[in-house]
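Spelled out, the chains give:
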Amino acid sequence: QVQLVESGGGLVHPGGSLRLSCITSEYALKYYNIAWFRQAPGKEREGVSFLSSTADHTAYADSVKGRFTVSRDSDKNTVYLQMNSLKADDAAVYYCAAAPFWADDSGGWAHDGLYDYWGQGTQVTVAS
């Protein structure tokens, strides 16, 4: 079983920063790609960032490039999403998700059907 526990969401002013955490297992970090998704009310779920199981490949949605950074701390079995220069449009429930590294990602990483395990989500609110 792969479990993902998210934290770090909250209320932030526009231009502020948050760091989301996705605590998982050593096994998951070794054998699963980890992606962050978000979903805002009235919007489709959107792939935000991707980190390969080998931690040598990352990807970002165009809307967050240059502002968000995904990383991990293997000693803590945690994947992070550092979010800077937050905008109102970034407000959403953020989820981390895990896909086996052998999953067929020929269609791209940002397809939620690739991901077998999901965290519970953490709310990010950006408001003045």
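Rules behind the numbers
Residues numbered from 1 in each chain as written. Predicted model: local features only at pLDDT ≥ 70, side-chain atom pairs only at ≥ 80, totals over all residues. Heavy atoms only, no water. Helix = DSSP H or I, 4+ residues; strand = E, 2+ residues; numbered from the N terminus. Rg over C-alpha atoms; globule rule 2.2 N^0.38 Å. Buried < 20%, exposed > 50% of the residue type's maximum accessible area, 1.4 Å probe, protein only. Contact = heavy atoms within 4.5 Å. Areas by Shrake-Rupley, 256 points an atom, 1.4 Å probe, with all protein chains shown as cover. Pairing = 2+ DSSP bridges. Axes fitted to C-alpha atoms, helices over the stretch in contact; angles between N-to-C directions. Phe/Tyr/Trp six-rings, centres within 6.5 Å; stacked < 30°, edge-to-face > 60°. Lys NZ or Arg CZ within 6 Å of the ring centre and 35° of its normal. 1 Å grid on protein atoms, 1.4 Å probe; cavity = no way out; pocket = protein on both sides within 12 Å on 5 of 7 lines; lining within 4 Å. Points joined across faces, edges and corners; volume = space filled by probe spheres on them. Nonpolar A, V, L, I, M, F, W, Y, C, P; charged D, E, K, R; others polar.

Participant: Looking at this structure, I do not really get the overall build of the protein. What am I missing?
Facilitator: Helix and strand content of the protein: 1 helix and 11 strands. The helix and strand sequence of the protein, counted from the amino end, reads β-β-β-α-β-β-β-β-β-β-β-β. Against the 2.2 N^0.38 benchmark of 14 Å for 128 residues, the protein shows a C-alpha radius of gyration of 14 Å, consistent with a compact globule. Across its three principal axes, the protein shows a C-alpha extent of roughly 40 × 30 × 25 Å. For the protein, the proportion of its 128 residues judged to be buried stands at 45%. Considering only intrachain contacts with a sequence separation of at least 6, the fraction spanning at least 24 residues in the protein is 60%. Accessible area of the protein: about 6600 Å², with a carbon and sulfur share of 47%.

Participant: Which parts of the structure should I look at to understand the pairing of strand β9 (residues 92-100)?
Facilitator: Look at any regular strand and the pattern is simple: side chains alternate between the two faces of the sheet. With respect to burial, β9 is a largely interior element, 8 of its 9 residues being buried. Relative to β9, strand β4 (residues 32-39) runs antiparallel, the two sharing 8 bridges. Each bridged residue has a counterpart across the sheet, and for W36 the counterpart in β9 is C96. In this sheet, strand β11 (residues 122-126) lies alongside β9 in antiparallel orientation, the contact comprising 3 bridges. By the bridge assignment for β11, Y94 is matched with T122. With 2 bridges connecting them, β9 and strand β10 (residues 117-118) associate as antiparallel partners.

Participant: Which parts of the structure should I look at to understand the sheet that holds strand β3 (residues 18-23)?
Facilitator: Where strands meet in a sheet, backbone hydrogen bonds hold them as pairs that are either parallel or antiparallel. Taken in spatial order, the 4 strands of this open sheet run β1-β3-β8-β7, and their pairing is antiparallel. Taken across any chain shown, the strands that pair with only one partner, and hence form the sheet edges, are β1 (5-7) and β7 (68-73). This sheet shows a mean twist of 20 degrees between the axes of neighbouring strands, independent of strand direction. Sheet topology places β3 next to strand β8 (residues 78-83); 6 bridges connect them, and they run antiparallel. Paired with L20 across the strands is L81, a residue of β8.

Participant: Which parts of the structure should I look at to understand the packing of aromatic side chains?
Facilitator: Each aromatic ring pair is specified by the distance between its two centres and by the angle formed by the two planes. Throughout the structure, instances matching the rule amount to 11 aromatic pairs. Centroid distance F37 to W118: 5.1 Å. Interplanar angle 50 degrees. Geometry classified as tilted. Of this pair, F37 sits in strand β4 while W118 sits in strand β10; the two residues are 81 residues apart in sequence, bridging distant segments of the chain. What makes W118 partly exposed here is its relative accessible area of 27%. Ring pairs connect the aromatic residues Y27, Y31, Y32, F101, W102 and Y117, which therefore count as one cluster. Positioned above the aromatic ring of Y80, the side-chain terminus of R19 is 4.2 Å from the ring centre. Of note, R45 hangs over the ring of W118, and the distance from its end group to the ring centre comes to 4.6 Å.

Participant: Mind showing me how you'd approach empty space enclosed by the protein here?
Facilitator: The probe, sized like a water molecule, is rolled over the atoms to show the empty space still left. Inspection of the entire model under this criterion finds 1 cavity of 30 Å³ or more. Of the voids in this model, the largest cavity is the one considered here, and its volume is about 40 Å³. Around the largest cavity, the lining residues are N33, F50, A99, P100, A103, D105, W109, L114 and Y115. For the lining of the largest cavity, a count of residues per class yields 7 nonpolar, 1 polar and 1 charged.

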